[in-house]
Structure formats: structure tokens, C-alpha cells
Amino acid sequence: MYYKKYGDTDMLVSAVGMGAMRYDEEDVKAGRFEKCAEVALYAHEKGINFFDSAPFYCDDKSEIITGIALSQLPRDSYYISSKMNLGTVGGKCDADDFKRRLENSLTRLKVDYLDFYYLWCMLDLESYKKQYDILYKYFEQAKKDGLIKNITFSSHMQGNDLEKVIETDAFKGMLIGYNALNYRFRQAGITAAHNRGMGIVVMNPLGGGLIPSNQKTFSYLAEGTDLTVPQAALRFVASHKEITVTLAGITTKQHVDDAVKSVENLVEKPAKEICAEFESKGVALNNLCTGCAYCKGCPADIDIPKFMDAYNEKLLGNSIENRIKWHWGIPMEKAAECIKCGQCETLCTQHLNIMDRLDEIALLRG
Ligand code: SF4
Ligand code: SF4
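Just so it is clear, the structure is predicted and the values come from calculations on it, not from any experiment.

Here is what the cut-offs are and how they apply
Residues numbered from 1 in each chain as written. Chains lettered and ligands numbered in written order. Predicted model: local features only at pLDDT ≥ 70, side-chain atom pairs only at ≥ 80, totals over all residues. Heavy atoms only, no water. Helix = DSSP H or I, 4+ residues; strand = E, 2+ residues; numbered from the N terminus. Rg over C-alpha atoms; globule rule 2.2 N^0.38 Å. Contact = heavy atoms within 4.5 Å. Areas by Shrake-Rupley, 256 points an atom, 1.4 Å probe, with all protein chains shown as cover. Lys, Arg positive; Asp, Glu negative; His and termini not counted. Charge placed at Lys NZ, Arg CZ, Asp CG, Glu CD. Buried < 20%, exposed > 50% of the residue type's maximum accessible area, 1.4 Å probe, protein only. Pairing = 2+ DSSP bridges. Axes fitted to C-alpha atoms, helices over the stretch in contact; angles between N-to-C directions. Near = heavy atom within 4 Å. Nonpolar A, V, L, I, M, F, W, Y, C, P; charged D, E, K, R; others polar.

Engineer: Just checking my understanding: could you explain the overall build of the protein for this structure?
Structural biologist: Broken down by element type, the protein carries 15 helices and 10 strands. In terms of overall dimensions, the protein is globule-like: its C-alpha atoms have a radius of gyration of 21 Å, near the 21 Å expected for 366 residues. Dimensions of the protein along its principal axes, counting C-alpha atoms only, are 60 × 50 × 45 Å. For the protein, long-range pairs separated by at least 24 residues make up 75% of all intrachain contacts whose partners lie at least 6 apart in sequence. A total of about 16,300 Å² of accessible surface is found on the protein, and carbon and sulfur atoms cover 49% of it. Charge-centre separation for the protein: the mean point of 44 positive side chains lies 1 Å from the mean point of 50 negative side chains.

Structure follows, in C-alpha cells:
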């Protein structure tokens, strides 16, 4: 296993970590928790020492299953994280609510302290500020009490918002989505965090399943290697000098082996260099929306990044409708409300023909 230093700390963490949100669904449903835990134990045996869990993952069983595995291991042989935000305590929180939530995670994970506790899933600056104002003081107190070692945040924030949170220096590390699809617009945030000595953990390295389910399109990732396309996609992320841990969603022992293989003889390089090499392969991603959200602020209040993300599915041979209806849960008919002001196309970092794409989506609704 290849290990990296977590930010400016002394912690040595495995370059790939176990995202404990994908335990086998059937086994979880049937209550076969010991069997699920065997996969986490196998990951540890193969050198993975970073485990990422949270309430609600795997039908709210992830922490329980992960705890079964971790309780069989020496406490200094792994790092464990969990998460909380206002949503996990019913939208309001005082010191007791916070403590109950944290103690619940500790009990289920069978540990006395968490190595990382995330202010979880900050969607935008507004929700971040609200949650920070209410919750951060409780995180600090829990740290003083020895219940958590490091305060971290996880975010789906777009554009420059991420950098604004990093600049506060309130967090030891962050968890963000990064992959071969959205790498361009997240680099500034990654570099800023790295320069401030933060650890950077990456979720979603396979583009929400887009990469493994479209292996032909992404075959260039594995060119010149003995890796499969998903393994190569993990390696693409893990090779970034700035990125500390790449989380692989693991269900089976084979997934563990894949993750381990993806970082065999890893060579770290600065993000800029990796991306320049990547683009020199003539990558066919120019037509894809990267989700950067620079186009936001539509006067007709159309959530353009979500519609363009759905259009990606078409370019990859999948269904636009399924993505809009079932993944994003937004009304298809909204696409027809574009007033053709052109603002979004001027702002689009990928120079996409957004208006034409919306027209096409609008026609699908009938
Ligand atoms: S062109 Fe249409 S989608 Fe784009 S900003 Fe204007 S109204 Fe919104
Ligand atoms: S449409 Fe363009 S600007 Fe908007 S999220 Fe996609 S790539 Fe970014």
C-alpha cells in the first residue's frame, strides 16, 4: 500500500481509503453485518487504514458494520471518520443534541474518539454559514473533550465558494468530489487547501458511476497501463500530490483488490502536470458539463448545471429523463422556460451550447 501524510499532520494514511457507504445491499437488508464487516477487515489486511463512514449510509447500518470490523483491530492501526450536520439532528441543534449525535456515532463505531468529524455536505456558502454558526462551537468543544481529533468539512460547493471556506483556516481537512470529469474547476480549491496544510480526501472518484458504466468512452484513462478503466480512474485521482486519500466505494473483496492495485507503485505529481498530460491524450470530454456552476444565476431560475449534467448522460449513451427525474428530481418542463438571454453560454467554462441543449430536453417532456 502507498501511504501519504495527511496535510501538515504526522498521520500516515493509505492513498486509497474505504468509503463505507457501499456494503452489500442484500447482506445489509438481511442483517448479515458480520459478513459485511469481513470486507472492511480484508481492506485493513491489505493495508487500507482510512475508513469513511456516516449516519444514514447503507440504510443507517454503515457505522454499525464498520464498528464490528474496527473493534477487532488495534485502535492505532486505522483512522475513522463520521459526519454530522443540522439534517442529522432534525434541523435544530443545541449542545445536548450534538453530543447525542456524536455519542451515537462513537457507540456504533465502537471507538472512544473519531479521527475526523465532518461538518457534512455543505451544498453552498449560505448553508455552510448557517451550519457553521450553529455547530462549529460544538465541534470545538468535542475536540477539547477528546471525542474528535480533527474538525473537517465535506462539500459539494461549486466554483470559488470552496476557497472561501478553506481561507477561514477553521478546518484540518476537507472531503470533496473530484474525478476525471470535474477535475478542471476543482483544482483551485484543491491547491488552496494543500497550500494551507489541509488533508484532502476525495469522494466520487468514479464520477458517480459514470466512468465504470461507460468504459469504452473512458478507455483512454487506462491506455498504456495494466489497469482496468475504474482502477485507472482511481489512480488518476490518487496520483495528485495535493490529494491525500481517494475513497473507493467498496462492496466486495475484489473491490478492495482493485483499489489496492490502483495505487501500486504510485507516482505522485502536481495536479497541473497530471491534468496537462491527461488533456494531451486528446480526451473526448470537451462536450461534457463539468458541474462547475459558473453558469449559475439564470434569470429564469433554471438549474442549468443539473440539466447539463443530465445531458451528459445522453452523450454517454444513457437516458436524460432518468437523470432529471430520478437523480435530480426536478421538473423536465423547467427546461422550456429559457428566455434565451445567452448569459449562461457566455459564462460556461466548457463553451457548451446550453440553449440548444435545453431546447432538446424541453422537447423530451412531451
Ligand atoms: S440563456 Fe436561458 S438558461 Fe441561459 S441564463 Fe438565459 S434564460 Fe437561463
Ligand atoms: S454548463 Fe458550463 S458553466 Fe455550467 S456547470 Fe456545466 S460546464 Fe460549468
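Engineer: Is there a simple way to think about the environment of methionine 203 in this case?
Structural biologist: Structurally, the position occupied by methionine 203 is in strand β9 (residues 199-203). The class of methionine 203 is buried, set by a relative accessible area of 16%. Sequence-wise, methionine 203 and glycine 177 are 26 residues apart; in three dimensions their C-alpha atoms are separated by 4.8 Å. Ignoring sequence-local partners within four residues, the contact set of methionine 203 consists of Ser155, His156, Leu175, Ile176, Gly177, Tyr178 and Leu247.

Engineer: What should I look at first to understand the sheet that holds strand β7 (residues 148-155) in this one?
Structural biologist: Pairing between the strands of a sheet is mediated by backbone hydrogen bonds and can be parallel or antiparallel. Strand order around the closed barrel formed by eight strands is β3-β4-β5-β6-β7-β8-β9-β10, with parallel pairing between neighbours. For this sheet, the mean inter-axis angle between neighbouring strands, taken without regard to orientation, is 30°. Strand direction decides the pairing type here: β7 and strand β8 (residues 173-177), joined by four bridges, are parallel. Residue pairing for β8: phenylalanine 153 is matched across the bridge by methionine 174. Its contacts with the sheet put helix α6 (residues 125-144) on β5 (79-84), β6 (114-122) and β7, and the angle it makes with β6 is roughly 170°.

Engineer: Before we go on, may I ask you to explain the site of ligand 2 in this structure?
Structural biologist: Ligand 2 sits among 13 residues. The nearest are Cys289, Cys292, Ala293, Cys295 and Cys348. Tallied by class, the residues present in the shell around ligand 2 amount to nine nonpolar, four polar and no charged.

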